[in-house]
Amino acid sequence: MKKAINILVSLVMVAGLVSCNNGENKKGSKGQGGLATNAAEKVYVAPGEHDEYYAFFSGGYSGNLTVYGLPSGRMFKEIPVFSQFPTSGYGYSEETKPMFNTSFGFVPWDDSHHPDISQTGGKLDGRWIFINGNNTPRIARIDLETFETVEIIELPNSAGNHSSSFITENTEYVVAGTRFSVPVPQRDMPIKDYKGNFKGALSFISVDQETGRMGIKFQLMMPGFNYDLSHPGRDKSHGWFFFTTYNTEEANTLMEVNSSQNDKDFIAAVNWKVIEDYVNNGGGTKMPANYAHNVYDHDTHLATSTMEKEVLTVDPTKVPGAVFFLPTPKSPHGCDVDPTGEYIIGNGKLSADLTVHSFTKMLDAIENKKFDGEAYGIPILKFEDVLAGTVKQPGLGPLHTEFDGKGNAYTTFFISSEVVKWKLGTWEVLDRQPVFYSVGHGMIPGGNSREPFGKYFVAMNKITKDRYLPTGPELEHSAQLFDISGDKMELLLDFPTHGEPHYAAGIRADILKKNSKQFYKLADNKNPYATLSEADARVERKGNEVHIYMTTIRSHFTPDNIEGVKVGDKVFFHITNHEQDFDVPHGFAMIGANNAELLIMPGQTKTLVWEPKQVGVWPFYCTDFCSALHQEMQGYVRVSPA
Ligand code: CUK
Ligand code: CUA
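Residues numbered from 1 in each chain as written. Chains lettered and ligands numbered in written order. Predicted model: local features only at pLDDT ≥ 70, side-chain atom pairs only at ≥ 80, totals over all residues. Heavy atoms only, no water.

Trainee: What is the right way to look at the packing of aromatic side chains in this model?
Mentor: In total, this model carries 39 aromatic pairs according to the counting rule given. Each ring, one from Trp422 and one from Trp427, has its centre 6.1 Å from the other, and the planes form 45 degrees; the classification is tilted. Residue Trp422 shares its accessibility class with Trp427, and that shared class is buried. Plain terms: the ring middles of Phe557 and Phe620 are 5.5 Å apart, the flat faces sit at 75 degrees to each other, and that makes the pair edge-to-face. Here Phe620 lies in strand E44 (residues 616-621) and Phe557 lies in strand E38 (residues 556-558), a separation of 63 residues in the sequence. Its relative accessible area of 2% is what places Phe557 among the buried residues. Residue Phe620 is classed as buried on the basis of its relative accessible area, which comes to 1%. Taken together, Tyr173, Phe204, Phe218, Phe241, Phe243 and Trp272 form an aromatic cluster joined through their ring pairs. (Phe/Tyr/Trp six-rings, centres within 6.5 Å; stacked < 30°, edge-to-face > 60°. Buried < 20%, exposed > 50% of the residue type's maximum accessible area, 1.4 Å probe, protein only. Helix = DSSP H or I, 4+ residues; strand = E, 2+ residues; numbered from the N terminus.)

Trainee: Honestly, the site of ligand 1 in this entry has me stumped. Any pointers?
Mentor: Near ligand 1 the following residues occur: His113, His114, His162, Leu229, His333, His400, Gly440, His441, Lys462 and His502. Looking at the shell around ligand 1 residue by residue, the class counts come to one nonpolar, eight polar and one charged. (Near = heavy atom within 4 Å. Nonpolar A, V, L, I, M, F, W, Y, C, P; charged D, E, K, R; others polar.)

Trainee: Even after reading the chapter, I still don't get the pattern of salt bridges, so can you show me in this structure?
Mentor: Any two side chains of opposite charge can pair, on the condition that their charged atoms come close. For the structure on display, the rule yields 23 salt bridges. Two residues, Lys123 and Glu451, come together in a salt bridge whose shortest N-O distance is 3.9 Å. Residue Lys123 is located in strand E7 (residues 123-133), and its partner Glu451 is located in the loop between strand E31 (439-443) and strand E32 (456-461); the two are separated by 328 residues in the primary sequence. Judged by its relative accessible area of 42%, Lys123 falls in the partly exposed class. Using a relative accessible area of 44% as the deciding quantity, one classes Glu451 as partly exposed. The partner of Asp235 in a salt bridge is Arg450, and the shortest N-O contact between them spans 3.8 Å. One end of the pair, Asp235, is in the loop between strand E15 (226-232) and strand E16 (240-246); the other, Arg450, is in the loop between E31 and E32, with 215 residues separating them in the sequence. On the basis of relative accessible area, Asp235 is assigned to the partly exposed category, the value being 38%. Within this structure, Lys42, Asp483 and Glu490 form a network of salt bridges that share partners. (Salt bridge = Lys/Arg side-chain N within 4 Å of Asp/Glu carboxyl O.)

Trainee: Hey, could you run me through the side chain of Thr464 in this one?
Mentor: Of note, Thr464 is situated in the loop between E32 and strand E33 (477-483). Only 2.6 Å separates the side chain of Thr464 from the backbone oxygen of Glu476, close enough to count as a polar contact. Residues within four places of Thr464 in sequence aside, it is in contact with Tyr437, Leu475, Glu476, His477 and Ser478. (Polar contact = N/O pair within 3.5 Å; in protein donor to acceptor, adjacent residues only side chain to side chain. Contact = heavy atoms within 4.5 Å.)

Pasting the structure below:
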């Protein structure tokens, strides 16, 4: 995309149209657009007071999810998802390591782009948040009672899991689309034979409404395009899912303009209800597949990993009425559906205009079979028959659109570095504000639901440059908060974000606060290595394994003097935190343990492995300042010769 955008940039520069903000505007009041005069007041959350919204920012190449408050822009937590996290020992403790099992082995890193919060009846319900792993295709589910990653499912037949993870109106499905088409099944073949031979898998992952447990219901095996982004239909278009595509030319190298030869790519409209009926009646083909499904259990505090062996695939040409292509100019990126479900916006990043399709017109065209040919057996609708309207030359490089629930849309423009507010139905531009600099996604809390909260807009900017005190060549990305409650957008606040947030999901805080968990009940701890009473703390040897069943409570470890360990042993510290109070973790660090510490929450058991290499008497200690006697929380392990 970069190349293609560069080409567009040079084109428009030649035409003398562009004024790129990057690095040009110096900090200060000039060029800041509509900075609210009472901005400080509007973002001020007094000490001890709570923010009005939670905002969950994807971590991009950090692989995680960060939790912020709005309007303050304060960061509350980093939730580790696809990456090991030394702060808590996630992915280092024996209990959490299985979360990173994949068909490629242990993969403790990913690139996470799009979080989406579960819904009921088209409204955010705050049960779970889902997020995609792009690189090694996976979807994670985070429990919003504990803010912990509780499930990761790998996606077979996929590569670059980008148009993910978006949720249908009742969380029936979390949907994931492959960015890269690949040979299915994977095999050794010439890359130049891509065209016509690669497939693009769109995965519909069902979600158990009680447990949240995910399972791949079916994979729709689409032509070998790139599936960039997706969005569910909502309200009247509930039952449909829309995917933007690029490289419909199926070029195997995108270095040239190859993939942008076609004047229009497609939005693929998928009627998942029709396909659901088809597979419920025995349709589809079971195909061998190898993918990991990892689940973290709150009672055992233990993750388990299973390798799944097959997946149900569906050939779209075998299911009448399942898939249609809507021509959309020009290499569309974001695919956004408004809260009424009528308008489908294709953010054609190389187009001067913004294309909006009509769901009603699409249904009419389908009913009257007004097709304009087909691609690989999938009917193509006529552009004019499905077009609702066009926003004329709103900006350069449109990427994503959000909605305020009051009939307005907010589109981000990467190249012209601005957010443009426009009216659904009349397509007139109402307002524009510069952003600093080069915005990717925007986010309005609830913007992905039937009822957006419509008060704030957050711009997630790709380039930071001079916005903060310099920190060397590498800068954190920067978000900007706008008040959108009035006619004009007002800039309120800049705040740094962690990793590279692509998208974010926001929700009113009171919806989540109600069910946030404070601690685990020790009596409910079913971890096989839990020590529920201090009297049961002990050391057990099994061959060259030494299992230390340890307890911790302010302010001691039991046992704290351990002998009988030899060089070459594998030592397991199984530590159970006996505290039964909010916010009293204990940490555990062992000298020379080459991985991480443990952070054990009240009522939890966590296990760290240590392989001593040297004879001696070696200390361990608590890493979390837990009481006035925190420095007294320590102990020794005596290591004797093998
Ligand atoms: S993408 Cu990053 S700016 Cu992965 Cu949603 Cu558009
Ligand atoms: Cu326990 Cu410090």
